[in-house]
Amino acid sequence: AHSGLEFDRFYEGLGRDGIGVVAMIHDLIPLPHPEYCRPGVLMKQAERMTVALSKVRGIIANSEDTARSIEVFAPRLGVALPPMATALLAPGTAVCYAGERPLAQPYFVMLSTIEPRKNHWMLLHVWRDLVERLGDQAPTLVVIGRRGWECENVVDMLERCEILKGKVIEESECSDERLHLYLQHAQALVFPSFVEGYGMPLVEALQLGVPVIASNLGVFHEIAGDIPEYLDPLDGPGWARLVTEYAQSESPVRASQLQRLQGYQPPSWEQHFEVVDAFVERLMAD
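A brief report on the enclosed structure follows. (Residues numbered from 1 in each chain as written. Predicted model: local features only at pLDDT ≥ 70, side-chain atom pairs only at ≥ 80, totals over all residues. Heavy atoms only, no water.)

Interhelical geometry of helix α4 (residues 120-134) versus helix α5 (residues 152-160) gives an angle of 30° and a closest axis separation of 9 Å. Here α4 is positioned roughly parallel relative to α5, judged by the angle of their axes. Note on packing geometry: the crossing formed by α4 with α5 is left-handed. Of the residues in α5, those in contact with His120, Trp121, Leu124 and His125 of α4 are Asn153, Val154, Met157 and Leu158. (Axes fitted to C-alpha atoms, helices over the stretch in contact; angles between N-to-C directions. Helix = DSSP H or I, 4+ residues; strand = E, 2+ residues; numbered from the N terminus. Parallel < 35°, antiparallel > 145°, perpendicular 65-115°, else oblique. Left-handed = near helix turned anticlockwise from the far one by under 90°. Contact = heavy atoms within 4.5 Å.)

So this is what it looks like as structure tokens:
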């Protein structure tokens with residue numbers, strides 16, 4: 001996490017021992033999009049980034065999209081941009097738990113903490129429309145992730161919308177094994193976020209050979225190319241159309257993405273640390 005980057009004593013204590021700091025920055029989301037965050041996070045993130053950019057020897061960004069955001073906001077914060085490198089993140093685990101599908105009917109997975117920028121609200125309304133139109137033939141949505149902040153409207157839908165009961169399953173405590181089982185057998189991962197610094201669920205799904213329907217974000221194109229289906233995060237009818245098509249047993253559009261998935265290679269930790277090690281060596285040589 002970025003917590004603690006705002007404390008001068010952190011850098012001063014290390015500096016007394018001749019140790020320089022290189023910071024990994026995951027995203028700057030509270031700066032351009034404070035509306036998706038807890039109250040007060042904008043000022044805290046501005047303080048963290050101002051101090052960090054002033055004190056560190058270098059920055060490692062997790063994506064070019066994050067790096068561009070840092071380049072934009074450094075002058076706005078009144079600080080010079082330190083040396084920077086981009087090192088994409090690898091999936092957390094390559095383990096593939098084999099097992100029978102957890103649900104008999106076609107289903108889709110949404111994997112994230114429940115918070116405003118993840119856009120659960122739109123997707124739940126899409127699902128309500130699907131159930132109203134298709135009844136029992138509507139696919140199921142599995143929402144995997146804990147409840148976060150500023151998400152009361154989503155919680156109301158999950159707890160009180162009768163038409164979604166049985167067609168939307170909330171998994172707030174999900175083991176790695178169960179998560180992988182859900183992903184392996186899903187029609188697709190749905191990822192309708194408004195903004196992301198990276199998007200690890202997308203990489204994990206593609207690594208498992210699972211199609212993805214995602215928001216049309218620059219960082220998603222950066223890490224997944226033309227493999228996923230991309231949609232505007234506010235295009236409810238478009239999401240409904242693709243979900244309906246991907247739910248079919250002989251879906252040509254899903255088959256097309258599975259073809260594009262052939263040979264996909266996720267970023268590796270070896271590649272990540274080749275970039276990191278070379279960057280740190282350059283900093284030490286200066």
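Okay, the sheet that holds strand β8 (residues 212-215) next. Strand order across the open sheet formed by 6 strands is β6-β5-β4-β7-β8-β9, with parallel pairing between neighbours. Two strands in the sheet have a free side with no partner beyond their single neighbour: β6 (168-171) and β9 (229-231). The average undirected angle you get between the axes of adjacent strands in this sheet is 25°. In the sheet, strand β5 (residues 140-144) pairs with β6 via 4 bridges, with the strands oriented parallel. What sits directly across from Leu141, in β6, is Val168. Packing of helix α6 (residues 176-185) onto the sheet brings it into contact with β4 (107-111), β5, β6 and β7 (188-191), and relative to β4 it is tilted by some 130°. (Pairing = 2+ DSSP bridges.)

Within the secondary structure layout, Gln45 lies in helix α2 (residues 41-55). We classify Gln45 as buried; its relative accessible area is 2%. Those residues in contact with Gln45, other than ones at most four positions away along the chain, are His2, Asp27, Leu28, Pro30 and Leu31. (Buried < 20%, exposed > 50% of the residue type's maximum accessible area, 1.4 Å probe, protein only.)

Spatial ordering of the open sheet is given by β1-β2-β3, a layout of 3 strands whose pairing is parallel. The sheet is open, and its two borders are formed by β1 (22-25) and β3 (84-86), each paired with just one other strand. When the angles between neighbouring strand axes are averaged without regard to direction, this sheet yields 20°. By the bridge criterion, 4 bridges tie β1 to strand β2 (residues 58-61) in an arrangement that is parallel. In the strand pairing of β2, Ile25 is matched with Ala61. Strands in contact with helix α3 (residues 64-76) are β1, β2 and β3; relative to β3, the strand with the most contacts, it is inclined by about 155°.

Here the focus is α5. Along α5, the residues classified as buried are Val154, Val155, Met157 and Leu158. Projected down its long axis, α5 carries its buried residues within an arc of 160°, all on one side. Opposite the buried face of α5, by more than 90 degrees, sit the exposed residues Glu152 and Arg160. For α5, the secondary structure elements touched by its buried residues are α4 and β6. (Arc of directions from axis to C-beta.)

Moving on, we come to a negative patch on the surface. On the surface, Glu270, Glu274, Asp277 and Glu281 cluster together into a negatively charged patch. Tracing the sequence through the fold places Glu281 in helix α11 (residues 269-285). Since its relative accessible area comes to 55%, Glu281 is described here as exposed. (Patch = residues over 30% accessible without salt bridge, like charges linked within 9 Å, V, L, I, M, F, W, Y side chains within 5 Å. Areas by Shrake-Rupley, 256 points an atom, 1.4 Å probe, with all protein chains shown as cover. Salt bridge = Lys/Arg side-chain N within 4 Å of Asp/Glu carboxyl O. Lys, Arg positive; Asp, Glu negative; His and termini not counted. Charge placed at Lys NZ, Arg CZ, Asp CG, Glu CD.)

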